[in-house]
Structures are given as structure tokens and as C-alpha cells.
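Here's the letter readout for the chains.
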Amino acid sequence: METLSRHVSGKPMPAGGRSIPIINPANGEAIGSVPLASESDVDEVVAAAKAALPLWSALGLQHRINILFDLRQSLIEAKEELVDLVIAETGKTRSDATAEIVRAIETIGLTVSVSTLYATPYTRAVSSGVNTYEVRYPVGVVAAISPFNFPVIIPLVQTMTALACGNTVVAKPSERNPSALLRIAALFSKAGLPDGVFNVVLGDRVAVDRIVEHPDVAAITFVGSTAVAKQIRTRGVANGKRVQAFGGGKNHMVVMPDCDVAFAADAAVSAAYGAAGQRCMAISVVVAVGAIADPLVAAIRDRAATMTIGDIHEAHAQLGPVITRESRARITSYVANAAAEGGKVLLDGREHQAGDAGWYFGPTIIDHVKPGMAVHSDEIFGPVLSIVRVATYEEAIAVISSHDLGNGAAIFTQDGSVANRFTDDAPAGQIGINVPIPAPAYFHGFAGWKDSAFTETKLHGRDAIAFLTRTKTVSARWMPPAESKLELQFPSGR
Ligand code: NAD
């Protein structure tokens, strides 16, 4: 069993003190140990990132991008090893873990396209002889705090544009499954990333609390649950930092009566149960409009009931375990409560629990759910799909609008005008039209609405550059006017 160590200035360093085990969710076995950083550990990591800033930010943009390409290549070469780490510590199926690594590699490549947005405006002759332009600087040390459910993609999405912009990084992955990111940090060092540019600190809320108050951390990008996101945003801003904090989701998929039942059922099942429902963009509520409800629910049930559970290392596996025993217990209690609240448990995942031999929970369908029931109002983060039945499109919008979260919302319909209305009406940051998980490509923006995100800027896309850099606006005159005179009035164009 390996004890991990943080990655600072290109070198792994031991950290004593508190630790927690890494448990393989598929069999309940301890496979490693994560030392949890103390405040002074965090200080050491931030100091390394601060020390590396002058050198890294002084490199040209193209030079940094070239290094990022080398990092991308090192991930391509280590792809299978990273897939295995994600499977072992996160419990993802092989196909899902592979998709995560592939998308992470794409992310580094796409950082190049985002960097084209780095260029700033220049206006010649804004007044006689005066040119005005903006110059961009990195913000400084950027801390990235990440959740367990995408242990590779999310930390890289949070940090690659930060590096391109000349910042240095302190990454704090989830304490449940940090090995893949640690391995990536080591690969980055080997690929030539200078010491101190990309650091990984291992830890829990003690580390996060220190990051949030650390005077040398300029910006925090947080992804995790809503309660923590809200708290980090409030405290970080109070400490004078830039903070973008992305929280949980409860994503609705409206199915209109005109749509193809098989197509909608395939989409709902894929989006509800992929990654065992542990995605912030998972579909967790299907809102069936009108007469399509009965055939749709039957088709969803048929598909969910025949999914392949377990054997996550095999290519055919479709549903893996959830992340922890506690998580499984939480999901169990929601399903138990749902019946008491008036829901009808059509498919019961509790039957697939494997005791202490892995945190499996089978696909679950709860029909006749209504807003106000806990199974609807809370983010369950497991393989549980609620069905809400409504008579009209307007009622469907009311269901979505009643929710506190607004990460994504999707509609399935063949009617373009209804789809357009939905884009305007649904209060969510990501809209899917016949696309159940509208998680956009890296060069487009991503941020939820309502309590799904506490931020003015998006996680990626053009906004990321605004979050990760600061600008000065320069007004320059190099040709003195022929006749110089006093001008005490405020400058204007006349
Ligand atoms: P989490 O909030 O428990 O943990 C996220 C990070 O915060 C971890 O690094 C953890 O160590 C730290 N943390 C946890 N509790 C803390 C506390 N009290 N104080 C300070 N730091 C704390 O989230 P999780 O269980 O790892 O991940 C699942 C959650 O993340 C879900 O709610 C999911 O919807 C959300 N998520 C959101 C997005 C998005 O883009 N909006 C993406 C992925 C996951």
C-alpha cells in the first residue's frame, strides 16, 4: 500500500501528521494513504508557486504554449496508466475513465485556442497623437480546489489556461483520489515544466481553509458541492481574492410528446447512470410532458433494468460503484424516503448492494416525483432518476424554475420553436436541445446559474482569460503637439 506525497517544486515531499486511506470503491479495500496537509505544508507549497512566478510569467506566451504541448504529449504516452489510476480510486468503468483521460488530453490541446483570446485591443489615435492599448499580466498564484468525480479533467480544466496565461498553480485535488493528478504533476516535471510552476498539495478542509486566507494566493478556482462553493466564494472574496466557485447540479430533461421515445430513453439512461450518476451535469430528473410519460417510463425502465453492473475493468461494464460507503448510505436513505414522500420506486438499486465488497448501488427509478420532495430538491449524486409527470410545457418550466440549482437543463423535442422557447425560459447555465449532457467543449464557457455557481466568470472559454489575468490600459503619446499649452479641463474629444 503506497503512501502518497505532495508534489512541490517538481519534487515529491513527504508530509507527516494526519492521513486518510484511499479506498477502492469497487471492492472496499484500502489501496493507499493520503497525508493531509497542515497549514505550514500549504505555506510551503504556496511559497514554491510564488518563487516560480517571475521566471514562468517572463517566458513568452508561445514558449509556454510549446511547453503545454510537451505536457500533452506526456499524458498521451501515460494514458493507460492514468486510466487505471482513475478506475482504482474513483470506481469508474473502463470506458468512462478512458473518456475522461481523452478529454483531459483534448483540454490541454484546446488551451492553445483559448490563448488566441489573450490578445488585447489597441486603438491608434484615440485623440490627437495618443494611442491607447491594454496590456495583460498573470494574476499570480492560482489555487485550484477540485472534487472527486473527475479527478483528472477538472483539475486540468482549472489550471491549464492559468499556466498559459503565466500564472503558477497550487492544485488541491480531492483527498479521496489524488493519485492520477500527482502522477500527472510528476509527468509534467519530466516533460520540462520548471520547478514550482505546477504544485499539488494533498489535504482536506484544513488545507482549503489555509488557501482561502493565504496572502500569496491571488485567485481561487473551486469546483465541488454547493455548500462548500458558497462558503469559499464568500470567504475568499472577503480576503480580497478573485474567486470562481462552481457547485452542485440537479439537471432536468424535459421530454415533449412529439419526440422519439427510444431516442429520449437512451439519452435519459445514459445521462442518468453514466459515472453512477456522479456528474454535476448528470440528468437526475426527467420531466415527461403529456401522453409520452407511460411509454417513456417503460422504455427507460427496460434499459435501466438490463444494465451491466460491476466488472468495471471490463469493456462491457456500464455501471460502477459510488465513491464511498457513506455516499451509498446517503443514496439508500433518499430511496427509502421517496416512497414515504409519495414517490413510486419503479426500479430499486438497493437490491444491488454488495455489502462491504464495493459501494455498488443499482440503477434506480422513482416515478411520480413532485417538487418539494427531498428526492427532487436535493442533489443525490448517485444512480437515481426521478420522473416528474406534467401536462404542459409551462408546467415543465415551472418545475425547473422551482429548483435552487441550475447547472444544466435539456429538452427533447422535434419542434424548433419549442426548443428556442426553452433556451429562453429554462434557468440554467447550460442548455441541451436533444443533447442530455450539454457540457460544452473547452473553448466555450461553462458556469451554472442559481446555486450551481458563485462567480462572474466561466470555468473555461474566453471568460477564463479574464479571470486568470489582469490588465492595464495604457494611453501613450510619442509625438508632442507642435504647440504645448496648459489644459486644465478633463480630457475630451473636442
Ligand atoms: P466536496 O464539496 O465535498 O469537495 C470538493 C473539494 O472541497 C475537495 O477538494 C474537498 O477536499 C474540499 N472540501 C470538502 N469539504 C470542505 C469544507 N467543508 N471546507 C473546505 N473544503 C472542503 O465535493 P465532492 O463530493 O468532492 O464532489 C461532488 C460535488 O461536486 C457535487 O456536488 C457535484 O455536483 C460537484 N461538481 C460540480 C461541478 C461543476 O462544474 N459545477 C463539476 C463537478 C462536480
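Rules used in this analysis
Residues numbered from 1 in each chain as written. Predicted model: local features only at pLDDT ≥ 70, side-chain atom pairs only at ≥ 80, totals over all residues. Heavy atoms only, no water. Helix = DSSP H or I, 4+ residues; strand = E, 2+ residues; numbered from the N terminus. Expected span 1.5 Å × (residues − 1). Buried < 20%, exposed > 50% of the residue type's maximum accessible area, 1.4 Å probe, protein only. Pairing = 2+ DSSP bridges. Axes fitted to C-alpha atoms, helices over the stretch in contact; angles between N-to-C directions. Near = heavy atom within 4 Å. Polar contact = N/O pair within 3.5 Å; in protein donor to acceptor, adjacent residues only side chain to side chain. Areas by Shrake-Rupley, 256 points an atom, 1.4 Å probe, with all protein chains shown as cover. 1 Å grid on protein atoms, 1.4 Å probe; cavity = no way out; pocket = protein on both sides within 12 Å on 5 of 7 lines; lining within 4 Å. Sits in = over half its atoms within 2 Å of the grid points. Nonpolar A, V, L, I, M, F, W, Y, C, P; charged D, E, K, R; others polar. Domains from an automatic or database assignment. Points joined across faces, edges and corners; volume = space filled by probe spheres on them. Arc of directions from axis to C-beta. Contact = heavy atoms within 4.5 Å. Buried area = accessible area lost by both parts, 1.4 Å probe. Salt bridge = Lys/Arg side-chain N within 4 Å of Asp/Glu carboxyl O. Core = buried A, V, L, I, M, F, W, Y, C linked by side-chain atoms within 4.5 Å. Right-handed = clockwise from strand over helix to strand, strands pointing away.

(A) Representation of helix 6 (residues 179-190) within the structure. Over its 12 residues, helix 6 runs 17 Å from end to end, which matches the ideal 16 Å to within 8%, given 1.5 Å per residue. Inspection of helix 6 places S179, A180, L181, L182, I184, A185, L187 and F188 among the buried residues, and these make up the whole buried set. Positive phi shows up at G192, right after helix 6, with a value of about 110°.

(B) Expanded view of the sheet that holds strand 7 (residues 130-138). Across the sheet, which stays open at both edges, the three strands sit in the order 6-7-23 with antiparallel pairing between neighbours. Single-partner strands in this sheet number two, and they are strand 6 (122-127) and strand 23 (469-477). When the angles between neighbouring strand axes are averaged without regard to direction, this sheet yields 30°. Relative to strand 7, strand 6 runs antiparallel, the two being bridged by three bridges. Counted as the bridge partner of S127 is V130 from strand 7.

(C) Region of the structure containing the site of the ligand. Around the ligand sit 26 residues in total, of which K172, E175, S225, G247 and E379 are the nearest. Measuring from an oxygen atom of the ligand, one finds a side-chain N or O atom of E175 at 2.6 Å. S225 places a side-chain nitrogen or oxygen 2.6 Å from an oxygen atom of the ligand. The fraction of the free accessible surface of the ligand (840 Å²) that becomes covered by protein chains is 87%. At a threshold of 2 Å from the grid points, most atoms of the ligand map onto the largest pocket. Of all the elements in the fold, those that place two or more residues in the shell around the ligand are helix 7 (205-213) and strand 11 (219-223). Looking at the shell around the ligand residue by residue, the class counts come to 13 nonpolar, nine polar and four charged. Taken domain by domain, the makeup of the shell around the ligand includes at least three residues from each of domain 1 (2-247 + 452-474) and domain 2 (251-433).

(D) The environment of F69, seen in detail. If you trace the backbone, F69 turns up in helix 2 (residues 61-77). The exposure class of F69 is partly exposed, given its relative accessible area of 36%. On a C-alpha basis, the gap between F69 and G109 in space is 6.8 Å, while along the polypeptide they are 40 residues apart.

(E) Layout of the sheet that holds strand 5 (residues 30-35). Strands sit in the order 1-5-4 across an open sheet of three strands; the sheet is mixed. One side of each edge strand has no neighbouring strand; the edge strands of this open sheet are strand 1 (2-3) and strand 4 (19-23). As defined by bridge partners, strand 1 adjoins strand 5 across two bridges and the pair is classed as parallel. Along strand 5, the bridge assignment pairs E2 with G32.

(F) Empty space enclosed by the protein, seen in detail. Per the counting criterion, the structure on display carries three cavities of 30 Å³ or more. The volume enclosed by the largest cavity comes to roughly 100 Å³. Considering the residues around the largest cavity, the lining is formed by 15 residues, among which G277, S284, I380, F381 and G382 are closest to the centre. When residues of the lining of the largest cavity are traced back to their parent elements, those giving at least two are strand 14 (283-289) and strand 17 (384-390). The residue inventory of the lining of the largest cavity, partitioned by class, reads six nonpolar, six polar and three charged.

(G) Here's a closer look at helix 14 (residues 416-425). Within the sequence span of helix 14, burial applies to V418, A419 and F422. Looking down the long axis of helix 14, one finds its buried residues gathered within 100° of arc, a one-sided arrangement. Exposed side chains of helix 14 directed beyond 90 degrees from the buried face belong to N420 and D424. Among the structural elements, strand 13 (251-255), helix 13 (393-401), strand 19 (408-412) and strand 20 (430-433) are those in contact with the buried residues of helix 14.

(H) Broad picture of the domain arrangement of the protein. Domain boundaries assigned for the protein yield domain 1 (2-247 + 452-474) and domain 2 (251-433). If you average the C-alpha positions of domain 1 and of domain 2, the two centres end up 31 Å apart. Approximately 1,800 Å² of surface area, both sides summed, lies buried where domain 1 meets domain 2, with 57% of it carried by carbon and sulfur atoms. There are one salt bridge connecting domain 1 and domain 2. Note that R279 and D96 form a salt bridge whose closest N and O atoms lie 2.9 Å from each other. The tally of links from domain 1 across to domain 2 stands at seven residue pairs in polar contact (both at pLDDT 80 or more). Contributions of two or more residues to the side of domain 1 that touches domain 2 are made by helix 3 (79-90) and helix 4 (94-115).

(I) Representation of the nonpolar core. Judged by nonpolar contacts, the single largest core of 68 residues is most densely connected at L75, L156, M160, L163, F188, L193 and F198. Here this core gets eight residues from one element, more than from any other, and that element is helix 5 (residues 153-164). Mapping this core onto the domain boundaries places at least three of its residues in each of domain 1 (2-247 + 452-474) and domain 2 (251-433). Not counting chain neighbours up to four residues away, the residues in contact with M160 comprise L68, I108, T111, F188, F198 and Y442.

(J) Structural detail: the pairing of strand 11. Of all five residues in strand 11, five are buried; the element is thus mostly enclosed. Side chains of strand 11 alternate between two faces, with A219, T221 and V223 and I220 and F222 buried alike. Strand direction decides the pairing type here: strand 8 (residues 141-145) and strand 11, joined by four bridges, are parallel. In the strand pairing of strand 11, A144 is matched with T221. Note that strand 11 and strand 12 (residues 242-246) share five bridges and pair parallel. Following the sheet pairing, I220 is matched in strand 12 by V243. Of the crossover connections in this fold, the one passing from strand 11 over helix 8 (residues 226-238) to the parallel strand 12 is right-handed.

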